[in-house]
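Here are the chains, one letter per residue:
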Amino acid sequence: MFTTGATPTKDGQVFDIVATYHRLLREDPDMTMPVAAIEALVLSLAASRASTISETLDLLSTSTATLKRAIPNPISLSAGTDLFQRYLITTLQRPGQLGPGGDFDAVRQHLLSNGRLFVERAKASREKIAAFGRSFVRDGATVLTNGGSRVVGALLKSAAESGGGSGSIRFRVIYVLSDTSREGEGGEKGEGTAIVAALRAKGVPVATIPESAVAYSLGMVDMVIVGAEGVVENGGIISRLGTYQMGMLAKSARKPFYVVAESHKFVRLYPLSQYDLPIEQRVVDFKIGGEHGGNGGSKRKADVDDEGVDVAADDSDSTELDETRRRAGNANTGNGTKDAVDFTPPDLISGIITESGVLTPSAVSEELIKIWF
């Protein structure tokens, strides 16, 4: 079940939550991972043949686990699905609001109604954040940003529109684009390029720079605004690789560093360092000569004992070991550094802009308590 994500439905068909999740993302490019996951869970509940609250909660738990296993980096997705699970459990703990006792159809309809309401509120949060955050972009300011955060794009476009049209654009943007973002894949636009084009179409002057030019550009910058895949309990953020170094450089240059994130990205994690995240990454991947050199290459250190004796049983065993390691490496690295993330600690963050207002990093744990309890 976990590999396919397929569950039987009440009409005898099969519902594949993983395929549904990917379809929702394809159909709506502006939809975020956690919102797509929550909507897929709502559709799963609507199609299921669960007839008790216990079966419904079990389906929800199984479907959530299936989604997490199917995604290389499920941090952002986990924040939304875990919060949605908590929301539904809290709803079920209020039996007086669920109709006549023993009427499970009333319970189901109430859950679906509240689930859809949750999705709509999550989608609307981006515009609320844009309304809050645009006041941070002052006249004549230069903003540094990176990645392909939709909420950052919405904030900057909202700030441009509040300037009164193309004749009164108030700010400039320096956009950090990685090499993979510039090139794209399969002819598709790279991460961030659509936001750059949209801002330029609104008359906002945008300069694009490589990641290696961040420090060079900071002398022209008034503030840094970034998105996040997850806001963790200590007030830090998990975001695309390179955000941490932008935070360090911004603090060194005494530039404010703001994060924009929806509350459904607040996740119950407490990482202590870059290497304490609940995913495996191989950003720093040590190799020795001959690892990818074929039969004529040098042997790996792992295949030779401490006295230099070959411990590989024979050529066929060695080839099988190579293939096993290659598959394991591919499974763990996904697309390499393209999808890698890092952790930016709270001491580098000036403020977190959410749909509920602006929070200091130290207030995140209190906000999580409000959301979860």
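Worth saying up front: this structure is predicted, and the values here are computed from it rather than measured.

What counts as what
Residues numbered from 1 in each chain as written. Predicted model: local features only at pLDDT ≥ 70, side-chain atom pairs only at ≥ 80, totals over all residues. Heavy atoms only, no water. Phe/Tyr/Trp six-rings, centres within 6.5 Å; stacked < 30°, edge-to-face > 60°. Helix = DSSP H or I, 4+ residues; strand = E, 2+ residues; numbered from the N terminus. Buried < 20%, exposed > 50% of the residue type's maximum accessible area, 1.4 Å probe, protein only. Polar contact = N/O pair within 3.5 Å; in protein donor to acceptor, adjacent residues only side chain to side chain. Pairing = 2+ DSSP bridges. Axes fitted to C-alpha atoms, helices over the stretch in contact; angles between N-to-C directions. Contact = heavy atoms within 4.5 Å. Left-handed = near helix turned anticlockwise from the far one by under 90°. Nonpolar A, V, L, I, M, F, W, Y, C, P; charged D, E, K, R; others polar. Arc of directions from axis to C-beta. Patch = residues over 30% accessible without salt bridge, like charges linked within 9 Å, V, L, I, M, F, W, Y side chains within 5 Å. Areas by Shrake-Rupley, 256 points an atom, 1.4 Å probe, with all protein chains shown as cover. Salt bridge = Lys/Arg side-chain N within 4 Å of Asp/Glu carboxyl O. Core = buried A, V, L, I, M, F, W, Y, C linked by side-chain atoms within 4.5 Å. pLDDT = per-residue confidence, 0-100. Expected span 1.5 Å × (residues − 1).

### Regarding the packing of aromatic side chains
- Scanning all chains against the criterion turns up one aromatic pair.
- With centroids separated by 4.9 Å and ring planes inclined at 70 degrees, the aromatic side chains of phenylalanine 136 and tyrosine 258 adopt a geometry described as edge-to-face. Highlighted residues: phenylalanine 136 in the loop between α5 (104-133) and β3 (142-146) and tyrosine 258 in strand β9 (residues 257-260), separated in sequence by 122 residues.
- For tyrosine 258, a relative accessible area of 16% corresponds to the buried category.

### Things to note about the side chain of serine 48
- Topologically, serine 48 is positioned in the loop between α2 (33-47) and α3 (53-70).
- At 3.1 Å, the side chain of serine 48 and the backbone oxygen of leucine 45 are in polar contact.

### Some details on the sheet that holds β3
- On the basis of which strands lie adjacent, the open sheet formed by seven strands has the order β5-β4-β3-β6-β9-β11-β12 and mixed pairing. Each edge of the sheet is formed by a strand with only one pairing partner; in this case those strands are β5 (206-209) and β12 (357-359). Across the sheet, the mean angle from the axis of one strand to that of its neighbour is 25 degrees, orientation sign disregarded.
- In this sheet, β5 lies alongside strand β4 (residues 172-176) in parallel orientation, the contact comprising four bridges.

### Focus: the sheet that holds strand β7 (residues 230-231)
- In space, the three strands of this open sheet follow the order β7-β8-β10, with antiparallel pairing throughout. Pairing within the sheet leaves two strands with one partner each, and these edge strands are β7 and β10 (341-344).
- Of the strand pairs in this sheet, strand β8 (residues 237-240) and β10 are connected by four bridges, and their pairing is antiparallel. Bridge pairing in β10 places arginine 240 opposite valine 341.
- Set on the sheet, helix α10 (residues 243-252) makes contact with β8 and β10; between it and β10 the angle comes to about 30 degrees.

### Brief notes about the pairing of strand β11 (residues 351-354)
- Alternating residues of β11 divide into Gly351 and Ile353 and Ile352 and Thr354, and every residue in both groups is buried.
- With three bridges joining them, β9 and β11 adopt parallel strand pairing. Within β11, the position partnered with valine 259 by the bridge is isoleucine 352.
- Here β11 folds back onto β12 in antiparallel fashion, the turn holding two residues.

### Details of the packing of helix α1 (residues 17-27) against α3
- In the contact formed by α1 and α3, the axes pass within 9 Å of each other and the chain directions differ by 65 degrees. The chirality of how α1 crosses α3 is right-handed. Judged by residue contacts, Ile17, Val18 and Tyr21 of α1 engage Ser63, Thr66, Leu67 and Ala70 from α3.
- Classifying every residue of the contact of α1 with α3 gives five nonpolar, two polar and no charged.

### Quick word on helix α12 (residues 364-372)
- Within α12, burial applies to Val364, Glu367, Leu368 and Trp372. Angular distribution of buried residues about the axis of α12 spans 125 degrees; they occupy a single face of the element.
- Packing partners of the buried residues in α12 comprise α4 (75-92), β7, β11 and β12.

### Side note on the environment of isoleucine 279
- Structurally, isoleucine 279 can be placed in the loop between β9 and α11 (315-333).
- Between the C-alpha atom of isoleucine 279 and that of isoleucine 75, which follows or precedes it by 204 residues, the distance is 8.2 Å.
- Beyond its immediate sequence surroundings of up to four residues, isoleucine 279 is in contact with Pro72, Asn73, Pro74, Ile75 and Val341.

### Describing a nonpolar patch on the surface
- A surface patch of nonpolar side chains, amounting to about 340 Å² of accessible area, comprises Val283, Val284 and Phe286.
- Locating phenylalanine 286 in the fold gives a position in the loop between β9 and α11.

### Let's talk about the nonpolar core
- Judged by nonpolar contacts, the single largest core of 56 residues is most densely connected at Tyr21, Phe84, Leu144, Val224, Met246, Phe257 and Val259.
- Looking at which element gives the most residues to this core, the answer is α2, with 10 residues.
- Here methionine 246 is in contact with Leu144, Thr145, Asn146, Val176, Val214, Val224, Val226 and Phe257, once residues within four sequence places are set aside.
- Of all hydrophobic cores here, the second largest spans 25 residues; its members include Val143, Val151, Leu155 and Val196.

### Concerning the confidence of the model for the chain
- Mean pLDDT for the chain: 80, with 77% of residues reaching 70 or above.
- Contacts for the low-pLDDT stretch residues 293-335, under 50 throughout, to residues beyond four places or in other chains number 27 contacts.

### Examining α4
- An ideal rise of 1.5 Å per residue puts 26 Å on 18 residues; α4 measures up with 26 Å between its terminal C-alpha atoms.
- The element α4 is extensively covered by neighbouring structure, given that 13 of its 18 residues are classed as buried.

### A closer look at the side chain of glutamine 85
- Looking at the element boundaries, glutamine 85 is found in helix α4.
- Excluding anything up to four places from it in sequence, glutamine 85 contacts Leu60, Ser61 and Thr64.

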